[in-house]
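Examination of the molecular architecture
Residues per chain, in single letters:
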Amino acid sequence: MEREVRVRFAPSPTGALHIGGVRTALYNYLFAKKTNGKFIIRIEDTDQTRYVEGAEEYIMKSLEWLGITPDESPLIGGDCKPYRQSERKPMYKQYAMQLIEEGKAYYAFDTAEELDAMRQRLEKAKVKNPSYNAVTRTQMKNSLTLPADEVKARLESGEPYVIRIKIPKKEEIRLNDLIRGWVMVHSSTLDDKVLMKSDGMPTYHLANVVDDYLMKITHVIRGEEWLPSAPLHVLLYQYLGWENVMPRFAHLPLLLNPDGKGKLSKRKAKEYGFPVFPLEWKEIDENSKEEIWLPGYKEQGYLPEALLNFLALLGWSPGTNQEIFGIDEMIENFSLERINKAGVKFDIDKAKWFNQQYLRTKSNAELAQYLQAGLKENNVLSAPLTSEKAEKIAELMKERATFPQDFWKEALYLFQTPTEYNEALQQKWTPEVAQVLQEYLKELQNTTIDWNAEEIKHLLHQITDQLQIKIGKVMAAIRIVITGVTAGPDLMMIQEIIGKEELLQRIKNGLAQFHTTTA
Ligand code: GLU
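These remarks concern the structure in this document. Remember, predicted model here, so these are calculated numbers, not experimental data.

Describing the overall build of the protein chain
A count of helices and strands for the protein chain gives 20 helices and 13 strands. Considered along the principal axes of its C-alpha atoms, the protein chain spans approximately 110 × 55 × 40 Å. Relative to its 519 residues, the protein chain shows a buried fraction of 50%. Across the protein chain, every contact between residues at least 6 apart in sequence was considered, and the portion connecting residues at least 24 apart equals 71%. Within the protein chain, the 73 negative side-chain charges are centred at a point lying 5 Å from the centre of the 67 positive side-chain charges.

So this is what it looks like as structure tokens:
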């Protein structure tokens, strides 16, 4: 019988959730939903030296913001609870003892100094990658070299010890990765990894395998950085007699820095000016030792659905040219077979493009909310705009916005009279511009037109036609006079929105400013 698909995202609470981790969580989630399986979150907190306060909460909050909802987790529980490894200590001990009894693991009593001495000795003898392994273990202090009664005495006296796996000397370990195909490793290249530490906590390797077994995990979907650990995990499944229920492995391609060099790092992301965390995060800066605030994707204005779409395509390809995938479509089209092996360059411009696309699908009423919020937060106006006006502005600015906050920023000149015109105006200014503006001012003062973009356009054309000036030659300067900037949306709509009085003022300012600067 086919087993129910059960996958897990197993972050360690050692800091904020990295964007690469978000992609891993997303792929697990998509696969679970696609196969009607279960998506589980397990917190791997056995390394107490790396534990960071608030990290678990941060991880859960980030996934919640993105809508990557688990079926089982430390917060909602489930049949395989607890979902925090630090709360599962006795389970690991039991299996470590089983391995010892069966001669597949052993106690080791070596002190830090003794381990250091061994390493130095091997380095001197020019041994590559010195390690505690099938050869060197014979010279160390462990339950394979010490007499049984001494081992017993040491254990009874409470001497600190670790439990190490006994790696076979000459064996080929094979695994068939769903993305990478067959991976083969010779056991002589592996070391006798610690399974239980002297503090009584399991290491990642033991806890990970035991939990995947107990939680009935069918597929391990995780980052490529864990591929080197996979043979050890396979061996543990064999040693524990769980080979028949061993999960399938799928190691995801690395996310690379934008220049294609190396794994995406916080430092490089900072250099390129984009976040590596989904939500804001405070941490101590390594160099200055001061607390620094790092904005996340959320704070920078990324929409969760856009970020998910962007991440989905970082390593997975649907096999068509389609790029926009809502979450349901992602689920429908997702398959592990279509994940690429090669590392993927992180292209933040693509993320921005997705954000833009998703922003454009929103209604003017929704976009108007962004505008109103931005104006309020930044104290631009004393009272909110009418919703009619806000929607009109949102509609106008829509094509130019990448982020929600662009609405108020891009629209600022609608509310603030430009006071200074940059050099651009001087470059564009010609006697024709002055002529058109003077005429325009006069006409606006003397005639009444219906105040809408259509009529305004008509009037301006009439004036330029009469003066026999090509409108295209003066528009750039007129735009700067009216808005203070060189580019923007439809200028006729801008005039409609700012209103006649304000327009008159701006034209007067422009004419005056130019005359003073060129006089
Ligand atoms: N705790 C590991 C991590 O932090 C999980 C690796 C795995 O999924 O096996 O990434």
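Here we look at the nonpolar core
Counting 116 residues, the largest nonpolar core has I68, F346 and L414 as its most contacted members. Ranked by the residues each element gives to this core, the list is headed by helix 1 (residues 19-34), at nine residues. For I68, the contacting residues outside a window of four places in its chain are V22, A25, L26, Y29, F39, L63 and L308. Ranked by size, the runner-up nonpolar core spans 41 residues in total, among them Y95, L175, M196 and L227.

Structural notes on the sheet that holds strand 3 (residues 105-108)
Sheet strands associate in pairs through backbone hydrogen bonding, adopting either a parallel or an antiparallel arrangement. The antiparallel open sheet is built from three strands, whose spatial order is 3-4-7. A strand with exactly one partner marks an edge of an open sheet, and here the two such strands are strand 3 and strand 7 (194-196). Averaged over all pairs of adjacent strands, the angle between strand axes in this sheet comes to 45 degrees, irrespective of strand direction. In this structure, strand 3 lies alongside strand 4 (residues 162-165), joined through four bridges in antiparallel fashion. Bridging from a neighbouring strand, A105 pairs with I165 of strand 4. Sitting on the sheet, helix 3 (residues 89-101) is in contact with strand 3, strand 4 and strand 7, with an inclination near 100 degrees to strand 3.

Side note on the layout of surface pockets
Put simply, the largest pocket is a space of about 1300 Å³. Around the largest pocket, the lining comprises 48 residues; the ones closest to its centre are S12, T14, R50, E225 and W226. Among the secondary structure elements, those contributing two or more residues to the lining of the largest pocket are strand 1 (6-9), helix 1, helix 6 (204-214), strand 8 (219-223) and strand 11 (281-284). Sort the elements by how many residues they give to the lining of the largest pocket and helix 1 lands first, with five residues. Residues belonging to the lining of the largest pocket are distributed by class as follows: 20 nonpolar, 14 polar and 14 charged. Of the volumes computed, that of the second largest pocket is approximately 470 Å³. Forming the walls of the second largest pocket are 18 residues, and the residues nearest its centre are K266, R267, K270, E283 and L294. Among the secondary structure elements, those contributing two or more residues to the lining of the second largest pocket are helix 8 (266-272), strand 11 and strand 12 (291-294). Ranked by the residues each element gives to the lining of the second largest pocket, the list is headed by helix 8, at four residues.

Side note on the site of the ligand
Around the ligand sit R8, A10, S12, E44, Y204, N208, R222 and W226, and that is every residue in its neighbourhood. Compared with its free state, where it exposes 300 Å², the ligand has 83% of that area covered by protein. More than half of the atoms of the ligand fall within 2 Å of the grid points belonging to the largest pocket. Residue composition of the shell around the ligand, by class: three nonpolar, two polar and three charged.

Overview of the pattern of salt bridges
Pairs can form between side chains of opposite charge whenever their charged atoms are close. Enumeration according to the criterion identifies 31 salt bridges in this entry. The shortest N-O distance in the salt bridge between E4 and K38 comes to 3.1 Å. Residue E4 is located in the segment before strand 1, and its partner K38 is located in strand 2 (residues 38-41); the two are separated by 34 residues in the primary sequence. With a shortest N-O distance of 2.5 Å, K392 and E496 are connected by a salt bridge. Placement of K392 in helix 13 (residues 387-397) and of E496 in helix 19 (residues 491-498) is noted, with a sequence separation of 104 residues between them. Classification of E496 by relative accessible area gives buried; the value is 15%. Among the charged side chains, a network of salt bridges with common partners joins R8, R42, E44, R88, D211 and D212.

Structural notes on the environment of F277
Within the secondary structure, F277 sits in the loop between helix 8 and strand 11. Look past the residues within four positions of F277 in its chain and what remains in contact with it is A16, L17, H18, Y58, K266, E283, L294, G296 and Y297.

Regarding the pairing of strand 11
Side-chain alternation along strand 11 places W281 and E283 on a buried face and K282 and I284 on a face that remains uncovered. Note: strand 11 against strand 12, four bridges, orientation antiparallel. Across the sheet, the residue bridging to I284 is E291, located in strand 12. Hairpin geometry of strand 11 and strand 12 is characterised by an intervening segment of six residues between the two adjacent antiparallel strands and by a positive phi of about 65 degrees at K289.

Each value, and the rule that gives it
Residues numbered from 1 in each chain as written. Predicted model: local features only at pLDDT ≥ 70, side-chain atom pairs only at ≥ 80, totals over all residues. Heavy atoms only, no water. Helix = DSSP H or I, 4+ residues; strand = E, 2+ residues; numbered from the N terminus. Buried < 20%, exposed > 50% of the residue type's maximum accessible area, 1.4 Å probe, protein only. Contact = heavy atoms within 4.5 Å. Lys, Arg positive; Asp, Glu negative; His and termini not counted. Charge placed at Lys NZ, Arg CZ, Asp CG, Glu CD. Core = buried A, V, L, I, M, F, W, Y, C linked by side-chain atoms within 4.5 Å. Pairing = 2+ DSSP bridges. Axes fitted to C-alpha atoms, helices over the stretch in contact; angles between N-to-C directions. 1 Å grid on protein atoms, 1.4 Å probe; cavity = no way out; pocket = protein on both sides within 12 Å on 5 of 7 lines; lining within 4 Å. Points joined across faces, edges and corners; volume = space filled by probe spheres on them. Nonpolar A, V, L, I, M, F, W, Y, C, P; charged D, E, K, R; others polar. Near = heavy atom within 4 Å. Areas by Shrake-Rupley, 256 points an atom, 1.4 Å probe, with all protein chains shown as cover. Sits in = over half its atoms within 2 Å of the grid points. Salt bridge = Lys/Arg side-chain N within 4 Å of Asp/Glu carboxyl O.

These figures capture arrangement, not role.
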